[in-house]
Amino acid sequence: MPKAKTVNFETSLTELEKLVQSMESGELSLEDSLKAFESGMQLSRDCQQALADAEQKVQLLMEKDGEIVSKALNTDD
C-alpha cells in the first residue's frame, strides 16, 4: 500500500493564495481559469486534510487515561 503524500500546509496555502490572486486579476483565459480552479480545489482539500490530521494529533496528545483533557489556550505572550 503506497504511503499517503505528506502535505506542507504553509506551502499549499501560499500556492492557493497565488492561484486566487491570479484568477481575481481577470487576465486568465477560460481554460486557464478552469485549470487554476481545479488546482485550487485540490490545494484546498490538501489544506483541510492537513488541518484535520493536526487536530487529530493534538487530541491524541491531550488524551489522558482514555479521556480527552481540556486545557485553556494561553494567548498571553
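For the structure, check the block above.
Now for a quick tour of the structure.

Cut-offs used in this document
- Residues numbered from 1 in each chain as written.
- Predicted model: local features only at pLDDT ≥ 70, side-chain atom pairs only at ≥ 80, totals over all residues.
- Heavy atoms only, no water.
- Helix = DSSP H or I, 4+ residues; strand = E, 2+ residues; numbered from the N terminus.
- Areas by Shrake-Rupley, 256 points an atom, 1.4 Å probe, with all protein chains shown as cover.
- Patch = residues over 30% accessible without salt bridge, like charges linked within 9 Å, V, L, I, M, F, W, Y side chains within 5 Å.
- Salt bridge = Lys/Arg side-chain N within 4 Å of Asp/Glu carboxyl O.
- Buried < 20%, exposed > 50% of the residue type's maximum accessible area, 1.4 Å probe, protein only.
- Contact = heavy atoms within 4.5 Å.
- Expected span 1.5 Å × (residues − 1).
- Polar contact = N/O pair within 3.5 Å; in protein donor to acceptor, adjacent residues only side chain to side chain.

1. Here we look at the overall build of the protein
Phase 1: For the protein, the helix and strand inventory stands at two helices and two strands.
Phase 2: As presented, the protein carries roughly 7000 Å² of accessible surface, and 53% of it is formed by carbon and sulfur atoms.

2. So, a nonpolar patch on the surface
Phase 1: A cluster of nonpolar side chains, Met23, Phe37 and Met41, forms an exposed patch at the surface whose accessible area comes to about 270 Å².
Phase 2: Within the secondary structure, Met41 sits in helix α2 (residues 30-62).
Phase 3: What makes Met41 partly exposed here is its relative accessible area of 35%.

3. Focus: the environment of Leu43
Phase 1: Summarising the element assignment, Leu43 is placed in helix α2.
Phase 2: With relative accessibility at 11%, the residue Leu43 sits in the buried group.
Phase 3: Here the alpha-carbon distance between Leu43 and Leu19, two residues 24 residues apart in the chain, equals 9.8 Å.
Phase 4: Leaving out residues up to four positions away in the same chain, Leu43 has contacts with Ser12, Glu15, Leu16 and Leu19.

4. A look at the side chain of Ser12
Phase 1: Here Ser12 is to be found in helix α1 (residues 9-24).
Phase 2: The contacts of Ser12, once residues within four sequence positions are left out, are Val7, Leu43 and Cys47.

5. What to know about α2
Each α-helix winds once per 3.6 residues, and so residues spaced three or four apart point in a common direction.
Phase 1: Given a rise of 1.5 Å per residue, 33 residues ought to cover 48 Å, and the 48 Å separating the end C-alpha atoms of α2 matches this to within 8%.
Phase 2: Taken as a whole, α2 has its buried residues at Ser33, Ala36, Gly40, Leu43, Asp46, Cys47 and Ala50.
Phase 3: Tucked into the core, α2 has its buried residues touching α1.

6. Quick look at the pattern of salt bridges
Phase 1: Applying the stated rule across the entire model yields one salt bridge.
Phase 2: The residue Lys35 makes a salt bridge to Glu31 at a minimum N-O spacing of 3.4 Å. Placement of the pair is Lys35 and Glu31 together in helix α2, with a separation of four residues, close to one helical turn.

7. Re the environment of Asn8
Phase 1: Topologically, Asn8 is positioned in the segment before α1.
Phase 2: Classification of Asn8 by relative accessible area gives partly exposed; the value is 43%.
Phase 3: Sequence separation between Asn8 and Cys47 is 39 residues; the distance between their C-alpha atoms is 8.2 Å.
Phase 4: A polar atom in the side chain of Asn8 sits 2.9 Å from the backbone nitrogen of Thr11.

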